[in-house]
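Analysis of the macromolecular model
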Amino acid sequence: MTTTTLEKTPSVAERPVGEFMVDTTPPTPLSEDTMDEADKSLEAMGYTPVFKREFSTWSSFSFAMSISGVYGTLMSTWIYGLQAGGAAAIMWSWVIGGAGAWALALSIAEISSAYPSSGAMYFTLKFLAPEGQVAFLCWIAGNLTCGAGYVNLVGTVTGSAATEYASSQMLLAAISIISDFTYVPTIHHVVAVMALLTVVHASINTLPTLWLNRLTSGYVVFHVSVLVGACVTLLAQKKDKHTFEYVFTDFQPTSGWSPPGFAFLFGCLTPAWIMTSADSTARIAEEAKDPARIVPKAIANATTFTYFIGFLFNLVLVLCMGDPLDLINSPSGQPVAQLFFNAMGRGPAIFFTLCGFIVMNLVAIPGIQSGSRTIFALARDDLLPFSNVWRRISKRSQTPIAAVWIYAALEITVNLLGLASDTAISAVFNVCTVALNLSYVIPIVCKMLYGRFERGPWHLGRWSTAVNVVAVAWNGFMTVVFFFPTNLPVTPENMNYAIIVFTFVLLFSVGFWFTHGRHYYTGPLTQASRQLVVATRREV
């Protein structure tokens with residue numbers, strides 16, 4: 001792939017709008033006295049440390065657990081397994097799909113140990129891909145991952161937007177139960193509450209890293225306590241439970257697909273949603289102590305814990321769910337909230353649904369932190385328009401506040417599509433998993449193909465290649481599956497328009513690369529290359 005060298009400066013007409021607004025003053029670096037070995041390693045990779053390292057082993061693990069948010073996220077995505085075939089589809093899609101997502105997370109953990117940076121998987125391509133391909137691959141992976149480059153409705157932003165949307169739905173579902181289902185949430189209510197929640201979550205993310213670390217440390221305790229409490233209460237209150245044979249063998253396909261067993265694959269969207277955001281933890285690497293060890297351990301341990309506790313939670317829910325059709329047709333729009341109501345009664349159902357709402361908030365807050373760090377990392381590399389604004393670090397909080405607010409604004413913008421139609425917003429949300437998975441798979445494939453990977457202190461040893469192959473094969477296959485409509489026959493209302501959104505994103509990114517990007521973008525911009533670029537521009 002041909003890229004323009006720094007000596008060949010593009011003409012004024014060829015430059016993007018944002019390039020003329022580049023702030024040549026780098027963020028205020030940390031002093032020599034406050035720099036540790038992790039900061040020195042970051043400098044060796046070409047970046048000036050600007051964040052305070054507050055995240056410990058425990059708070060990093062809690063951050064990773066909160067990003068998955070298995071209790072709340074499973075509540076909001078359980079409908080996929082129900083529609084895919086009921087009990088057996090729920091359980092086996094978690095076992096098989098979760099294993100594929102687990103392999104992907106372990107592969108991400110291994111790479112993040114070698115190259116800990118806020119740029120996460122996007123940044124690692126600088127080291128994993130051949131020099132001549134770095135710029136193009138980073139351009140594509142960056143656009144797929146950040147959701148805030150030249151295409152705003154992909155990857156991380158859509159995932160965070162979906163979390164805010166689900167939080168709003170869960171709160172309104174609890175209100176519906178309180179009203180004995182006389183209140184039915186409308187799309188306008190969902191979007192209005194979503195916008196308010198997003199502003200609150202963004203405001204929290206303007207706090208200094210020390211406070212974010214303190215808040216994060218308590219997430220996992222509340223999260224696990226609620227999940228265990230819900231399981232114990234369900235098992236104690238529900239009298240006529242299903243048998244274990246029913247749990248693993250009862251398959252009631254309603255999708256219309258033939259053979260019916262194919263529909264089970266759509267249930268794999270639930271573990272994909274919950275477990276494939278492991279990269280989010282890698283994005284706080286510049287705020288973690290000893291990130292080459294702490295970050296990959298947090299990813300691996302949190303994903304492993306999520307896989308097994310998610311299996312147990314699914315098992316309890318299926319044992320206690322009663323008739324699955326009653327849950328699918330719930331007036332609250334939340335099958336698990338309806339299950340709580342049917343099995344435990346009004347009071348406990350309200351309590352545990354509100355707990356789900358709180359957990360989803362605990363997913364959304366670190367989600368904005370992670371996403372804003374991606375905005376910062378890409379702006380640091382001059383990949384975004386107005387990069388000088390988004391990479392600014394607040395002197396008060398030592399965090400990129402401008403990046404936080406533009407990220408929150410993008411979340412709200414995405415969710416406004418819900419006012420157009422459920423089909424439109426579903427298409428954007430479905431693209432999230434596909435875009436994130438592909439942006440993760442690209443570095444893993446480069447790691448296996450080009451032999452440039454130098455492992456960090458945390459690695460998979462002799463299992464590395466096998467785990468990488470499983471991660472790439474399974475997630476590549478599921479990328480195709482997630483483009484199919486979940487129900488047949490296909491109508492304008494149930495059509496999965498994710499393929500159209502994704503194709504537009506990909507074609508736009510590739511096209512913009514050939515018409516503009518290749519003339520000025522050279523890949524992750526280290527401090528040395530930034531100084532050279534600035535010097536070159538001054539000569540024009």
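Below you will find a few notes about this structure. (Residues numbered from 1 in each chain as written. Predicted model: local features only at pLDDT ≥ 70, side-chain atom pairs only at ≥ 80, totals over all residues. Heavy atoms only, no water.)

A few points about the overall build of the protein chain
- From N to C terminus, the protein chain includes 24 helices and 0 strands.
- The 540 residues of the protein chain split such that 60% are buried.
- Taking all contacts inside the protein chain whose residues are at least 6 apart in sequence as the whole, residues at least 24 apart take part in 82%.
- As presented, the protein chain carries roughly 20100 Å² of accessible surface, and 65% of it is formed by carbon and sulfur atoms. (Helix = DSSP H or I, 4+ residues; strand = E, 2+ residues; numbered from the N terminus. Buried < 20%, exposed > 50% of the residue type's maximum accessible area, 1.4 Å probe, protein only. Contact = heavy atoms within 4.5 Å. Areas by Shrake-Rupley, 256 points an atom, 1.4 Å probe, with all protein chains shown as cover.)

Considering the packing of helix α2 (residues 57–68) against helix α11 (residues 219–237)
- For the pair α2 and α11, the least separation of the axes is 8 Å and the interaxial angle reads 45°. Compared by their axis directions, α2 and α11 come out oblique. Considering how the two elements wind past one another, α2 and α11 form a crossing that is left-handed. Contact residues: Trp58, Phe61, Ser62, Met65 and Ser66 in α2; Tyr219, Val220, Val221 and His223 in α11.
- Of the residues contributing to the contact of α2 with α11, the split by class is 6 nonpolar, 3 polar and no charged. (Axes fitted to C-alpha atoms, helices over the stretch in contact; angles between N-to-C directions. Parallel < 35°, antiparallel > 145°, perpendicular 65-115°, else oblique. Left-handed = near helix turned anticlockwise from the far one by under 90°. Nonpolar A, V, L, I, M, F, W, Y, C, P; charged D, E, K, R; others polar.)

Considerations on the packing of aromatic side chains
- In the structure shown here, the tally under the stated rule is 25 aromatic pairs.
- Taking 6.1 Å as the distance between ring centres and 75° as the angle between the ring planes, the aromatic pair formed by Tyr115 and Phe453 counts as edge-to-face. Residue Tyr115 is found in the loop between α5 (87–114) and α6 (120–128), and its partner Phe453 is found in the loop between α21 (422–450) and α22 (464–481); the two are separated by 338 residues along the sequence. Neither Tyr115 nor Phe453 differs from the other in exposure class; each is buried.
- With 6.4 Å between their ring centres and 45° between their planes, Phe136 and Phe514 make a pair best called tilted. (Phe/Tyr/Trp six-rings, centres within 6.5 Å; stacked < 30°, edge-to-face > 60°.)

Quick look at helix α3 (residues 70–77)
- Summarising burial for α3: 7 of the 8 residues are buried, a large majority.
- Residues of α3 that are buried include every one of Val70, Tyr71, Gly72, Thr73, Leu74, Met75 and Thr77, and no others.

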